[in-house]
Amino acid sequence: MLLLSRLLLKKLIAGSLFWFFATNILPAQSTNSPDPYLESLFSIIDVRLDQAGGDTARYFILEAVRSHCGKDLDCQYEMYDKVLGKLERANEYWAGIPVAQKMRELAQQKKEIQKEIAALKRLIDLYNYINAIGRIAFFREQLLDLYEQAGDQAGTIRTKIRILEQRAWELDEAHIVLPDIEELFAQSLELDDPETSNFLRLRLKYLYEEFGYDDKLRKIVEALETIVASDSSQFSESRYAFHAASGRADLLFKQKQYAQAEALYQKALGIARLRHRAHHDTWLKIYAFHRLAKLEWEARNNDKALVHLDSAFLLSAEHKMYSRLIINYDMRIRIAEEERRFEDALRYTRNKYEQEALNDSATREFDVKKYHLQLEKEQLASEKENQALQLRLKNNQLSSLILVGVFVLFLTLGLLLGYRRQRQAKRELATQNVLIQQQAEELKSLDEAKMRFFANISHELRTPLTLILGPLSNMLDQPDVWEKESVQQQLTVMQRNGKSLLSLIEEILDLSKLEANKLDLVEKPTKIQAFVEQVFSQFTSQFDNQRIHYDLDIEVEEGLTVELDSQKIEKVLNNFLSNAIKFTPEGGRIRMGVTETAQTLQCVVADSGKGIQVEDLPHVFDRFYQAKHNDQAEQGGTGIGLSFVKEIAQLMRGKVYAESKPGEGSHFYFDIPKKVVSASAQVVDEFEVLPDQDPIYSIGKDFTILVVEDNQDMRMFIHRLLSPNFEQILLAKNGREGLELLQQHGQTIDLIVSDIMMPELDGMSMLKEIKSHTDWQQIPVVMLTALASERDKLSALTVGVDDYLTKPFSVQELLVRVQNLLYNAQQRKEWHQSEEFQTENEALEIAGASLNASHKAWLGQLKALVKDSFAEGRHTAESLAEAAHMSPRQLRRRLKSITGLSTVKFIQEVQLQHARQHMEAGSRKSLADIAFESGFEHQRTFSSLFKARFGKSPREYLKSAAG
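The rules behind the values
- Residues numbered from 1 in each chain as written.
- Predicted model: local features only at pLDDT ≥ 70, side-chain atom pairs only at ≥ 80, totals over all residues.
- Heavy atoms only, no water.
- Helix = DSSP H or I, 4+ residues; strand = E, 2+ residues; numbered from the N terminus.
- Buried < 20%, exposed > 50% of the residue type's maximum accessible area, 1.4 Å probe, protein only.
- Contact = heavy atoms within 4.5 Å.
- Areas by Shrake-Rupley, 256 points an atom, 1.4 Å probe, with all protein chains shown as cover.
- Pairing = 2+ DSSP bridges.
- Axes fitted to C-alpha atoms, helices over the stretch in contact; angles between N-to-C directions.
- Parallel < 35°, antiparallel > 145°, perpendicular 65-115°, else oblique.
- Left-handed = near helix turned anticlockwise from the far one by under 90°.
- Nonpolar A, V, L, I, M, F, W, Y, C, P; charged D, E, K, R; others polar.
- Salt bridge = Lys/Arg side-chain N within 4 Å of Asp/Glu carboxyl O.
- pLDDT = per-residue confidence, 0-100.

### So, the overall build of the chain
- Within the chain, the regular secondary structure consists of 38 helices and 12 strands.
- Burial status across the chain gives 44% buried among its 963 residues.
- Looking at the chain alone, contacts between residues at least 24 apart form 67% of all its contacts between residues at least 6 apart.
- Counting every atom, the chain has about 52500 Å² of accessible surface; 52% of that belongs to carbon and sulfur.

### A short note on the sheet that holds strand 4 (residues 589-596)
- Read across the open sheet, the five strands follow the order 2-4-5-7-6; overall the sheet is mixed. Two strands close off the open sheet at either side, each with one partner strand: strand 2 (549-555) and strand 6 (655-661). Averaged over neighbouring strand pairs, the angle between their axes works out to 10° when direction is ignored.
- Where strand 5 (residues 600-607) lies against strand 7 (residues 665-673), eight bridges are found, and the strand directions are antiparallel. From the neighbouring strand, Asp 607 faces strand 7, where its bridge partner is Ser 666.
- Against the sheet, helix 22 (residues 528-537) engages strand 2, strand 4 and strand 5, with an angle of about 170° to strand 2.
- Packing against the sheet, helix 24 (residues 566-583) makes contact with strand 4, strand 5, strand 6 and strand 7, and its axis sits at approximately 175° to strand 7.

### Observations regarding the pairing of strand 9 (residues 728-732)
- Here five bridges tie strand 8 (residues 704-708) to strand 9, and the two strands are oriented parallel to one another. Directly across from Val 708, in strand 9, lies its bridge partner Ala 732.

### Brief notes about the packing of helix 8 (residues 153-171) against helix 9 (residues 174-191)
- In the contact formed by helix 8 and helix 9, the axes pass within 9 Å of each other and the chain directions differ by 165°. The orientation of helix 8 with respect to helix 9, classified from their angle, is roughly antiparallel. When the axes of helix 8 and helix 9 are compared, the crossing they make is left-handed. Facing Gln 153, Ala 154, Ile 157, Lys 160, Ile 161, Leu 164, Glu 165, Arg 167 and Ala 168 of helix 8, the residues of helix 9 in contact are Ala 174, Ile 176, Val 177, Asp 180, Ile 181, Leu 184, Gln 187, Ser 188 and Leu 191.
- The residue makeup of the contact of helix 8 with helix 9, split by class, is 11 nonpolar, three polar and four charged.

### Some details on the pattern of salt bridges
- Tallied over the entire structure, the rule returns 39 salt bridges.
- Residue Arg 104 is joined to Glu 116 by a salt bridge in which the shortest nitrogen-to-oxygen separation is 3.3 Å. Here Glu 116 lies in helix 6 (residues 113-129) and Arg 104 lies in helix 5 (residues 93-109), a separation of 12 residues in the sequence. With respect to class, Arg 104 is no different from Glu 116; both count as buried.
- Measuring nitrogen to oxygen at the nearest pair gives 3.4 Å for the salt bridge that ties Lys 115 to Glu 112.
- Under the relative-accessibility criterion, Lys 115 is labelled partly exposed at 33%.
- Among the charged side chains, a network of salt bridges with common partners joins Asp 803, Glu 813, Arg 817, Glu 909, Arg 916, Arg 949 and Lys 952.

### Quick notes on the confidence of the model for the chain
- Of all residues in the chain, 72% have pLDDT values of 70 or greater, and the mean over the chain is 76.
- In this model residues 630-636 is a low-confidence stretch, pLDDT under 50, and it forms 12 contacts with partners more than four residues away in sequence or in other chains.
- pLDDT under 50 marks residues 680-696. Its contacts with residues more than four places away, or in other chains, come to 44 contacts.

Put into structure tokens, the structure is as follows:
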């Protein structure tokens with residue numbers, strides 16, 4: 001029995017060693033050979049792509065690479081790059097799209113802009129092969145922004161050209177965009193970059209040929225021929241040689257010189273065959289075959305034309321270029337119809353529609369449900385195999401004796417562990433008691449700190465308020481005594497203290513955002529020297545007034561531009577300088593210095609004041625901390641300024657610290673990473689390059705506006721804003737007075753501006769009365785609110801009729817909103833008075849255009865149809881009318897009657913309101929994504945329309961919504 005036990009124990013040990021070797025040593029050896037892994041991965045990808053439902057391979061690729069590389073981002077990027085190359089060579093464009101997207105995400109995480117550009121270009125090429133026009137336009141806009149950030153002028157020009165070129169093809173607007181393209185071509189010549197200039201010549205060649213600019217085409221072709229002739233060894237097989245030959249052939253073709261044109265097309269085809277190394281060259285071969293087919297067809301040689309079409313068809317099918325197959329079928333249909341082979345024409349038409357459907361299916365999103373089903377099947381199969389293996393191992397390894405021994409061993413270990421845990425639990429209980437006592441003391445200390453904070457904040461608020469209200473009361477009590485210069489001085493004091501008060505409030509709000517992890521960095525290129533000088537200059541008058549000597553030393557490279565959040569850095573420096581002034585006596589000295597190392601920027605503010613006591617120095621950056629030393633405690637303060645500085649430093653991945661000797665002064669340091677921006681990068685914001693715009697509509701002054709506001713100062717302020725622009729302004733103190741004025745002047749009031757929170761009758765109650773009154777319900781109402789939560793109550797307002805503003809608002813913002821609403825109401829009124837409206841049968845149905853419940857429901861359904869079209873990229877007046885089961889004319893008439901908007905303007909209004917709601921909901925998406933998801937293909941168009949509609953750019957609106 002003992003011998004049997006020993007044998008079983010040896011077997012158990014040997015099995016354990018084998019298991020350790022198999023699970024640890026062998027995998028480690030295999031990871032040192034990436035090539036076999038890639039070959040294995042490629043073979044599995046091939047199998048999955050060939051399977052029915054093989055689109056799940058694209059998910060498998062991402063998971064396989066993540067599993068292989070773990071958290072090594074460089075490994076992931078390298079593996080994705082190799083896999084994408086294989087997919088591109090295999091013409092598996094749709095499967096390569098998620099791989100290219102993942103490469104771009106990795107480049108963004110590592111903040112490597114050149115890798116992001118390369119990945120984005122490959123992604124655009126993949127969408128180009130499957131002819132996904134909308135996605136190409138969307139990603140080209142993003143590529144343009146990346147090139148501008150990187151300061152790559154050549155890349156910027158190339159991308160702008162492709163954006164404009166796509167507009168020419170898709171919208172048939174060559175006559176509009178060609179001047180812009182030609183101007184960019186002139187800029188490329190100034191760059192002295194032949195590759196970019198020649199690239200633009202090729203793009204212009206396509207446009208000139210397609211849209212009939214023969215004279216300009218001739219000049220481009222001559223230039224290409226000159227390039228080829230300049231160095232025949234370099235260019236004889238180049239794409240320039242191809243386009244020089246095909247371009248000259250195009251000119252001869254148009255002159256009906258068929259023989260000469262055919263010879264040059266054949267020459268171009270021969271060049272493309274020699275260059276057959278990439279997808280682009282395959283495209284050139286197909287292009288040449290199609291041109292030859294068109295030439296032979298026009299020359300009445302249909303048989304030859306079909307031979308060339310067959311050659312193009314085989315290439316297109318082999319390389320899965322579905323858009324080329326569609327063009328091929330189009331030409332076959334025309335030839336068959338000309339030869340009266342109608343059965344063939346019908347067959348080609350069916351084949352064309354099948355190819356279009358196939359092309360559409362390739363651009364659809366991936367079937368996640370199908371993918372997870374497939375994974376579950378594979379997992380079940382793997383689990384069954386593992387279970388069978390475990391059963392065989394159990395039958396061969398264990399005996400009853402070993403099981404008993406193991407049971408006894410584990411029982412003993414369990415008892416020992418239980419005893420140990422009991423002792424540990426007693427120790428933990430004692431520790432917890434001590435911890436609870438410490439926490440109670442800390443809570444008491446924190447409570448005392450908060451009490452000091454509220455006492456200090458009360459003092460800090462009262463001081464600037466006194467310096468604002470005191471001079472103001474004095475000037476009002478004695479208006480004749482004050483001279484102009486004295487008034488100016490007092491107003492300056494009031495303004496400075498008003499800014500101080502605002503800064504203190506913003507500091508408190510920023511701290512609350514930091515605690516909630518909602519304070520984000522808004523970094524942009526900033527020139528260090530100019531920025532620091534501007535901040536320091538704001539304090540020179542205070543230095544002079546207190547007779548403090550001051551110095552500014554900036555020791556950085558001339559013209560140094562870095563990415564930083566200038567507003568938050570300014571708050572840090574203001575805090576340091578304000579504290580230095582507070583603690584530096586008359587005749588003292590303050591110095592601010594800025595230096596750089598290879599990796600960091602350092603700002604230091606030094607003063608010759610009283611210094612900080614040794615026991616206080618470790619706590620100066622703690623929240624609510626007040627110095628224990630009597631002399632310093634008398635200086636006051638909220639105890640949050642330096643704490644805020646510390647939080648900002650952590651947010652920027654920097655550090656802050658202080659050095660001080662009592663009686664000699666203090667040094668406060670702020671170190672942050674140096675993110676250098678190239679000198680050629682443009683220091684602009686993506687949505688702020690917008691000129692000041694007038695409202696989207698122009699109206700006259702002949703309007704009466706009712707202002708309902710309980711605060712007299714605000715009421716008079718709005719009156720002063722509106723009175724220069726409109727004929728009559730009526731004023732009411734609350735909703736009750738507003739309704740009384742409506743009873744008296746209801747027929748003449750054109751628009752209402754109303755607060756929400758008011759005594760007697762609030763704005764929302766007044767609004768319900770107005771909207772339920774037949775004679776008033778079409779009067780547009782602009783609601784004013786200081787509470788973000790009130791916005792939810794405004795969702796019932798009709799699209800394009802009513803609006804709301806949050807306080808504080810700007811003059812321009814209010815005027816833009818009012819003028820837009822008045823224009824809509826005016827359009828609606830003019831439509832009701834028009835002869836066309838009066839003669840329509842439905843005039844009786846909606847006479848007066850009362851906005852009843854059915855109209856609201858209909859507008860809600862129409863709005864939903866527009867939103868549904870965002871993802872599909874179709875939101876035209878015709879498509880909306882079709883979705884609403886109406887003719888375009890009927891839809892326009894009804895929209896005009898109810899809202900005053902045309903169909904196109906209604907769609908635009910829904911898009912803008914959708915984007916606005918995203919911003920107000922605190923969306924974490926970029927403005928580019930918000931624009932795209934609201935149905936706008938071009939970001940700059942979105943920005944321009946948004947500012948014209950709401951009086952603020954998207955960036956400004958997002959900032960005010962976040963505040």
